[in-house]
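The chain contents come next:
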Amino acid sequence: MKVLKFGGTSVADSKSINKVVAILNNNDDNLLIIVSAFGGVTNLLQECINLKGKSTEGILKEIETRHLEVIDNLSSLDGQSSLKSFLKEKLNELEDILDAISTIDEVTQKIISKVLTLGEILSSSIIYEILKQKRFDISYLDSKEVIYSKSFNNNEVLDNDRSSISIKNKLDLIKSKLIIAPGYICSNENNEISNLGRGGSDYSAAIFAKYSNAKSLEIWTDVSGVYSANPKIVKKALPIEYLSYKEAMELSFFGAKVIYFPTLQPLIEENIPVYIKNTFKPNDNGTCISNSTKLDGDEIVKGISHIEDISIINFEGSGMVGVPGFSKRFFESLSIHKINVVMITQASSEFSICIAVDSNDAISAKKVIDKEFEFEITQNRINQAQIESNLSNIAIVGDKMKSKKGVSGRLFNSLGQNNVNIRAIAQGASERNISIIIDEVNTKKALNSLHETFFEENLKDVHVFITGVGNVGGFLIEQIKIQREFIATNLKLNLKVLGISNSKKMLVSESEIDLDNWKDLLNNSIINADSETFQKRILDLNLRNSLFVDNTASDLIPNTYRGILKKWNWYHNL
Ligand code: ADP
Ligand code: ASP
Ligand code: MG
């Protein structure tokens, strides 16, 4: 048996569900398939909760339209009426719940789970009927009858024993070749519907894979594997062919949301390989995650992941030096209040401790810490916790980093050269990751420059902004055009002209200017030249390896050098 999980984008509409059907048709194994809610539906349901059930008519209509599109396009005419009445019935139930929430103006955890899990109930039931109509030998397995959670240390965690027995018992009774189950959904210890956390369908699939003794788990999504960095931000990122479980866990913990981070744990014990595949490009290799060292290449750094919206909490004072039990109290208080700590750094002097948390948790974290150490704070032995926000966490990950010298040096060098200030640093004891905190505005620049350092050693992008394109400037552009290939081959620099200005017009954008046509483009530009705006736009782009070239004969532009260098943070080096 193989377990296949199809995420939200893979089941977003009738077109993508047709791709899923093709993938199923191409498989000869017995399959257990786990489906997410139709892409974006859980967010819409969450919005209904955020609005406390008020003014949600538009959202309910959107949810209805999304599901009707699939039913209308994929179900046989005979099957449509029963599917539509099922949809209506579920949406009426949702409306009743939202009315109740709006009246009492309160939302309990139980209600939240009831609302949020509706997406998977609808998607799995509709896809089940459609596959049945297409003559698949298929059974429906209700995840809330087989996956159970329990509370442990004030947190909801998987009840392994109960889930293992229930899954095995249920699967023993099912004889069909294909089984479909909703992702994300489980029952808590009171047998009420609950969920495995946002993104949790990956985890559902891993639990099913473990307890069905599956030979592999395939996670089908909208990208061709785990990439060397988030492909939406780093255009040159590439799929990683092979990752160890531990590397994949680190990357997902530090923000590679292509895998929900608890997913890999159940699979490690059984050594079940995971393949991350693209529903829209099924022939792409994707990523294989396993324990097999045979598949591993020579790469030292395998991937870079990041989390935005991070805050750091600094807590310091002489009262914590050498006090036994301090860390226990500190972290226990955060854990009791379910505050997830992304990163920890503590100076060896023990005079201060710094943690990184999701910004949504920052104020509660401060309150919890200040309350726990109220006595020491009133005695002036420790200061109140200080919050710094608008930060990002970036981690570079690779099993082989521990055996290679100079990795952190290259990281710091790459960021330093691009004026990215590092606010905090931590290295896991396993030396499998180095994690840093930087200002959020520099995230894209930092990710791209680190990617260049560790994955694109062959060719570095240099972003060129030229002011003054008369004789000298015009000739420079012609030279760049002619010499570009030579410079790329011999100096390993890829010159990209992104900005040109003369005294009348200017062009600045993130995309490269066509140097065969730059004169027309500049003359036809709708933006009038203004040196201050030109420089501001360069600074706003905040790109790595930026070069400002002044080819004017003007006395005015040199007067602005100081300002631009200052803003680029290089002034102190002059
Ligand atoms: P699904 O709905 O299939 O569960 P997700 O949206 O949860 O898909 O995860 C896929 C997305 O993860 C990609 O579209 C991509 O934007 C994002 N992502 C972030 N980091 C990475 C990475 N390192 N590799 C691949 N995708 C990543
Ligand atoms: N539908 C849920 C979510 O959007 C679970 C999942 O897709 O994995 O978080
Ligand atoms: Mg996901």
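This one's a predicted model, so the numbers in the text were calculated from it and none came from an experiment.

J.: Is there a simple way to think about the site of ligand 2 in this case?
T.: Around ligand 2, the structure places S36, A37, T42, E120, Y184, R198, G199, G200 and S201. G199 is positioned with one of its backbone polar atoms (N or O) 2.7 Å from an oxygen atom of ligand 2. In this structure, an oxygen atom belonging to ligand 2 sits 3.4 Å away from a main-chain N or O atom of G200. Bound to the protein, ligand 2 loses 85% of the 260 Å² it would expose on its own. Partitioning the shell around ligand 2 into residue classes produces 2 nonpolar, 5 polar and 2 charged.

J.: Explain the sheet that holds strand β2 (residues 31–35) here, please?
T.: Paired through their backbone hydrogen bonds, the strands of a sheet run either parallel or antiparallel. The sheet built from 8 strands is open, its strands ordered β3-β6-β2-β1-β9-β11-β12-β10 with mixed pairing. In the strand order of this sheet, the two ends are held by β3 (138–140) and β10 (242–244), each with one partner. Averaged over all neighbouring strand pairs, the angle between strand axes comes to 20 degrees, with direction disregarded. Packing of helix α9 (residues 245–253) onto the sheet brings it into contact with β10, β11 (274–278) and β12 (287–290), and relative to β10 it is tilted by some 90 degrees.

J.: It is not clear to me how the site of ligand 1 should be interpreted in this structure. Could you clarify?
T.: If you check the shell around ligand 1, you find 17 residues, and the closest are T221, D222, Y227, K232 and K257. Interatomic distance of 2.7 Å between a side-chain N/O atom of T221 and an oxygen atom of ligand 1. Here K232 contributes a side-chain N or O atom positioned 2.9 Å from an oxygen atom of ligand 1. In isolation ligand 1 offers 570 Å² of accessible surface; the protein chains occlude 88% of this area. Class assignment for the residues of the shell around ligand 1 results in 7 nonpolar, 6 polar and 4 charged.

J.: I'm lost on the environment of I336 in this one. Help?
T.: Structurally, the position occupied by I336 is in helix α11 (residues 326–336). Classification of I336 as partly exposed rests on a relative accessible area of 46%. Sequence separation of I336 and N155 is 181 residues, and the distance between their C-alpha atoms is 8.3 Å.

J.: Sorry if this is basic, but what is going on with the side chain of S123 here?
T.: Position of S123 relative to the elements: it lies in helix α6 (residues 118–133). Judged by relative accessible area, which is 0%, S123 ranks as buried. A polar contact is formed between the side chain of S123 and the backbone oxygen of E120, at a distance of 3.3 Å. Excluding residues that lie within four positions of it along the chain, S123 makes contacts with V35, S36, A37 and F38.

J.: In this structure, what is going on with helix α5 (residues 109–116)? I would like to understand it.
T.: In an α-helix, one full turn covers 3.6 residues, which means residues spaced three or four apart are oriented alike. Along α5, the residues classified as buried are I112, S113, V115 and L116. For α5, the angular spread of buried residues about the axis comes to 165 degrees, placing them on one side. Residues of α5 that are buried make contact with α2 (41–50), α4 (77–104), α6 and β8 (193–195).

J.: Help me understand the side chain of S224, please; the structure alone is not making it clear to me.
T.: Locating S224 in the fold gives a position in the loop between β9 (216–221) and β10. Owing to a relative accessible area of 5%, S224 belongs among the buried residues under this scheme. Looking at S224, its side chain comes within polar contact range of the side chain of N278, at 3.1 Å. Reaching out from S224, the side chain makes a polar contact with the side chain of D284 at a distance of 2.7 Å. Those residues in contact with S224 that sit more than four places away from it in its chain are P239, I276, N278, K281, D284, G286 and T287.

J.: Got a minute to help me understand the sheet that holds strand β22 (residues 546–550) in this structure?
T.: Spatially, β21-β20-β19-β22 is the arrangement adopted by the 4 strands of the open sheet, whose pairing is mixed. For this open sheet the edge positions go to β21 (506–508) and β22, each flanked by a neighbour on one side alone. Adjacent strand axes in the sheet meet at a mean angle of 30 degrees, parallel and antiparallel pairs treated alike. Judged from the 3 bridges that link them, strand β20 (residues 493–501) and β21 form a sheet pairing that is antiparallel.

J.: Sorry, what's going on with the packing of α4 against α5 here?
T.: Pairs of packed helices are described in terms of their axes, by the angle between the two and the distance that separates them. Running from amino to carboxyl end, α4 crosses α5 at an angle of 150 degrees, the nearest separation of the two axes being 11 Å. On the basis of their axis angle, the class for α4 and α5 is roughly antiparallel. Where α4 crosses over α5, the handedness of that crossing is left-handed. Counting all contacts with α4, which are made through L94, I97 and I101, the residues of α5 involved are I111, K114 and V115. In terms of residue class, the contact of α4 with α5 is built from 5 nonpolar, no polar and 1 charged.

J.: I'm lost on helix α16 (residues 471–491) in this one. Help?
T.: A rise of 1.5 Å per residue sets the reference length of α16, with its 21 residues, at 30 Å; its end C-alpha atoms lie only 26 Å apart and thus fall more than 12% short of the reference. Of all bends in α16, the biggest is about 55 degrees, found at Q483. Where α16 is concerned, the buried positions are G473, G474, I477, I480 and I487. Considering only its buried residues, α16 is in contact with β19 (460–467), β20 and α17 (518–523). K492 sits one or two positions beyond α16 and adopts a positive phi of about 60 degrees.

J.: Can you help me understand the packing of aromatic side chains in this one?
T.: The description of two aromatic rings rests on the distance between their centres and on the angle between their planes. Following the criterion strictly, the structure yields 13 aromatic pairs and no others. Ring centres of F330 and F331 lie 5.0 Å apart, and the angle between their planes is 80 degrees; on these two criteria the pair is classed as edge-to-face. By relative accessible area, F330 is classed as buried at 0%. Within the aromatic cluster, the residues linked to one another by ring pairs are Y203, F253, F254, Y260 and F261.

J.: Just to check I follow, could you spell out the environment of I438 for this structure?
T.: Along the polypeptide, I438 turns up in strand β18 (residues 433–439). Separated by 44 residues in sequence, I438 and I394 have C-alpha atoms that sit 7.8 Å apart. If we ignore the near neighbours within four places in the chain, the residues touching I438 are L391, S392, I394, V420, N421, I422, R423, T443 and A446.

Reading the values: the criteria
- Residues numbered from 1 in each chain as written.
- Chains lettered and ligands numbered in written order.
- Predicted model: local features only at pLDDT ≥ 70, side-chain atom pairs only at ≥ 80, totals over all residues.
- Heavy atoms only, no water.
- Near = heavy atom within 4 Å.
- Polar contact = N/O pair within 3.5 Å; in protein donor to acceptor, adjacent residues only side chain to side chain.
- Areas by Shrake-Rupley, 256 points an atom, 1.4 Å probe, with all protein chains shown as cover.
- Nonpolar A, V, L, I, M, F, W, Y, C, P; charged D, E, K, R; others polar.
- Pairing = 2+ DSSP bridges.
- Helix = DSSP H or I, 4+ residues; strand = E, 2+ residues; numbered from the N terminus.
- Axes fitted to C-alpha atoms, helices over the stretch in contact; angles between N-to-C directions.
- Contact = heavy atoms within 4.5 Å.
- Buried < 20%, exposed > 50% of the residue type's maximum accessible area, 1.4 Å probe, protein only.
- Arc of directions from axis to C-beta.
- Parallel < 35°, antiparallel > 145°, perpendicular 65-115°, else oblique.
- Left-handed = near helix turned anticlockwise from the far one by under 90°.
- Expected span 1.5 Å × (residues − 1).
- Bend = angle between axes of the 7 residues up to and from the residue.
- Phe/Tyr/Trp six-rings, centres within 6.5 Å; stacked < 30°, edge-to-face > 60°.

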